[in-house]
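Chain residues, written in single-letter form:
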Amino acid sequence: MTLRITWKRVGATLLTLFAAGMLFAWSGLFNVAASSGHWPVTDWFLHWVMRNSVKTHAAFSAPDDPRAQQELVSAAGHFANACASCHGAPGRRPSPVMQAATPPAPDLAVNAKEWTDKQLFWILQHGVKYSGMPAWGAPERPDEIRRMVAFVRRLPTMSVAEYRSLTEATAGAGAAGVKDGVLAGCAGCHGADGRGRGQPDIPVLGGQRPEYLLAALRAYADGTRHSAVMGNAAAILSDAEMRALAGHFAAMPGTGATAPAGPAAAQRIVEKGLPEIQLPACASCHAAGKGYPVLNGQRASYIAQRLRQWRGEKEVVDARKSHATMPVIARRIPADMIDPLAAYLAGERR
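Residues numbered from 1 in each chain as written. Predicted model: local features only at pLDDT ≥ 70, side-chain atom pairs only at ≥ 80, totals over all residues. Heavy atoms only, no water.

## Some words on the pattern of salt bridges
Pairs may arise between side chains of opposite charge once their charged atoms sit close together. Quick reminder of the rule: What counts as a salt bridge is simple: a side-chain nitrogen of Lys or Arg found within 4 Å of a carboxyl oxygen of Asp or Glu. Helix numbers and strand numbers start at the N terminus; a helix is a DSSP run of H or I with at least 4 residues, a strand a run of E with at least 2. When accessible area is computed with a 1.4 Å probe and restricted to protein chains, residues below 20% of their type maximum are described as buried, those above 50% as exposed, and intermediate ones as partly exposed.
Taken as a whole, this structure holds 16 salt bridges when the rule is applied. The partner of Arg308 in a salt bridge is Asp339, with the nearest N and O atoms 3.0 Å apart. Taken together, the residues Arg308 in helix 15 (residues 300-311) and Asp339 in helix 17 (residues 338-346) connect sequence positions 31 residues apart. With a relative accessible area of 40%, Arg308 lands in the partly exposed category.

Structure (structure tokens):
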């Protein structure tokens, strides 16, 4: 007997298979429990698909400069708070609870060597579906992702002592209303003196108005100010702790103690702006008594880095960039004046 294949029979067969699959899914017989694991062939197939996807998308969308060339304190602090419980860290095992996931988070001391910098950037930026690996909490901060790429790249050769030197610092005198562990977490990046442990990407907090620091913490916590690092740190704080921390760090010496110094062109931007290109004076918002952060005496590298981050990626057209106040202002500052302007505000004579 010969079975004649027709389009009608093919369609009926496909419809039957689809209906059977939907019936199986509806029945609840498929076991979605993480404790059941995957068959080896399923595990291989899913990872094969994931690796091919990462390689393809990273090749076309990851930046050509995916790794920062800076110190790694802020990235290490974020890793310790947000990543080490799943992935472990030098001298620290991953949480057994997190390792009971399907699939479990990989050991980055081994796994990181299997990816290029561009691929690591893409994974950190976008996360991986169905794996528990989240996307970066602030996609508008590629500078943070670049620093994390650099940190993850160092993990395979990082000693326990080096990891602790990056993530731990003496908290100094306690702050009323703040647990020692919380203050130690802040000091891990900002230092006991609020001066950022000399890191180029961490601001000096001392000398700022406590009201400004409190507003910044609240904005990080609710996501209106973008930073995966600070957002994660601020989210666990009560409002009373935020208020106490703001007062604690603002009372330290720091910004405002150094007078601006530098070239006349930078002084002009600070004091008068550049009206011909609709660039307002920095002092119109950041002078003493204003409601915005104090810039005099702030770290020059931090000011320059933030201005460049606000300008956005050069590959993105202006129409697609943020039209908030500081991104617009940063794009109006002549590119060759960013470093002189930052140095002037920091009080560095050149």
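## Comments concerning helix 12 (residues 239-250)
Our working definition: An expected span of 1.5 Å times one less than the residue number is assigned to each helix.
In this model, helix 12 (twelve residues) spans 16 Å end to end at C-alpha, consistent with the 16 Å of a helix rising 1.5 Å per residue. Along helix 12, the positions that sit buried rather than exposed are Glu241, Met242, Ala244, Leu245, Ala246, His248, Phe249 and Ala250.

## Points about the side chain of Gln125
Applicable threshold: It only takes one pair of heavy atoms within 4.5 Å for two residues to be counted as in contact.
As for its position among the elements, Gln125 is in helix 6 (residues 117-126). In this structure, Gln125 is in contact with Ala135, Trp136, Pro139 and Ile145, ignoring residues within four places of it in sequence.

## Re a nonpolar patch on the surface
Selection rule: Residues with no salt bridge and a relative accessible area higher than 30% make up the patches, which join like charges within 9 Å and nonpolar side chains (Val, Leu, Ile, Met, Phe, Trp, Tyr) within 5 Å. Calculation of accessible area relied on Shrake-Rupley with a 1.4 Å probe; when residues are assessed, cover is drawn exclusively from the protein chains displayed.
On the surface, Trp39, Val41, Trp44, Phe45, Leu46, Trp48 and Val49 cluster together into a nonpolar patch covering about 810 Å² of accessible area. By secondary structure assignment, the location of Val49 is in helix 2 (residues 40-61).

## So, the packing of helix 10 (residues 210-222) against helix 12
To characterise two packed helices, one gives the angle between the axes of the helices and the distance between these axes. Rules: Orientation is described by lines fitted to C-alpha atoms, with helices fitted over the stretch in contact, and by angles between N-to-C directions that extend from 0 to 180 degrees. To sort the angles, those under 35 degrees are grouped as roughly parallel, those over 145 as roughly antiparallel, those from 65 to 115 as roughly perpendicular, and the leftovers as oblique. Take the far helix as your reference; a near helix turned counterclockwise from it by less than a right angle gives a left-handed crossing, and one turned clockwise gives a right-handed crossing. Three residue categories are used. Nonpolar comprises Ala, Val, Leu, Ile, Met, Phe, Trp, Tyr, Cys and Pro, charged comprises Asp, Glu, Lys and Arg, and polar comprises the others, including Gly.
Running from N to C, helix 10 and helix 12 cross one another at 140°; their axes reach a closest spacing of 8 Å. With respect to helix 12, the element helix 10 is oriented oblique. Crossing angle aside, the handedness with which helix 10 passes helix 12 is right-handed. Mapping the contact onto sequence places Pro210, Leu213, Leu214, Leu217, Arg218 and Ala221 in helix 10 and Asp239, Met242, Arg243, Ala246, Gly247, Phe249 and Ala250 in helix 12. Looking at the contact of helix 10 with helix 12, its residues break down into nine nonpolar, one polar and three charged.

## Section: the nonpolar core
The tendency in soluble globular proteins is for nonpolar side chains to be buried side by side. To keep things clear, this is the line we draw: The set of buried Ala, Val, Leu, Ile, Met, Phe, Trp, Tyr and Cys residues whose side-chain atoms join them within 4.5 Å is what this entry labels a nonpolar core.
Of all hydrophobic cores here, the largest spans 36 residues; its most connected members are Phe79, Met148, Phe151, Val152, Tyr163 and Leu166. Elements supplying a minimum of two residues to this core: helix 2, helix 3 (73-87), helix 6, helix 7 (142-154) and helix 8 (160-167). Ranked by residue count, the leading element in this core is helix 3, at seven residues. In this view, Phe151 contacts Leu72, Ala75, Ala76, Phe79, Met158, Tyr163 and Leu166; residues no more than four positions away in its chain are not counted.

## Some remarks on the side chain of Gln199
In this fold, Gln199 is placed in the loop between helix 9 (180-190) and helix 10. Ignoring anything within four residues of it in the chain, the contact list for Gln199 reads Glu71, Leu72, Val73 and Arg299.

## Describing the packing of helix 9 against helix 12
Contact geometry of helix 9 with helix 12 gives a least axis separation of 12 Å together with a crossing angle of 45°. Judged by the angle between their axes, helix 9 and helix 12 are oblique. Here the hand of the crossing between helix 9 and helix 12 comes out right-handed. Seen from helix 9, the contacting residues are Val182, Leu183, Cys186 and His190; seen from helix 12, they are Glu241, Leu245, His248 and Phe249. In the contact of helix 9 with helix 12, the residues fall into five nonpolar, two polar and one charged.

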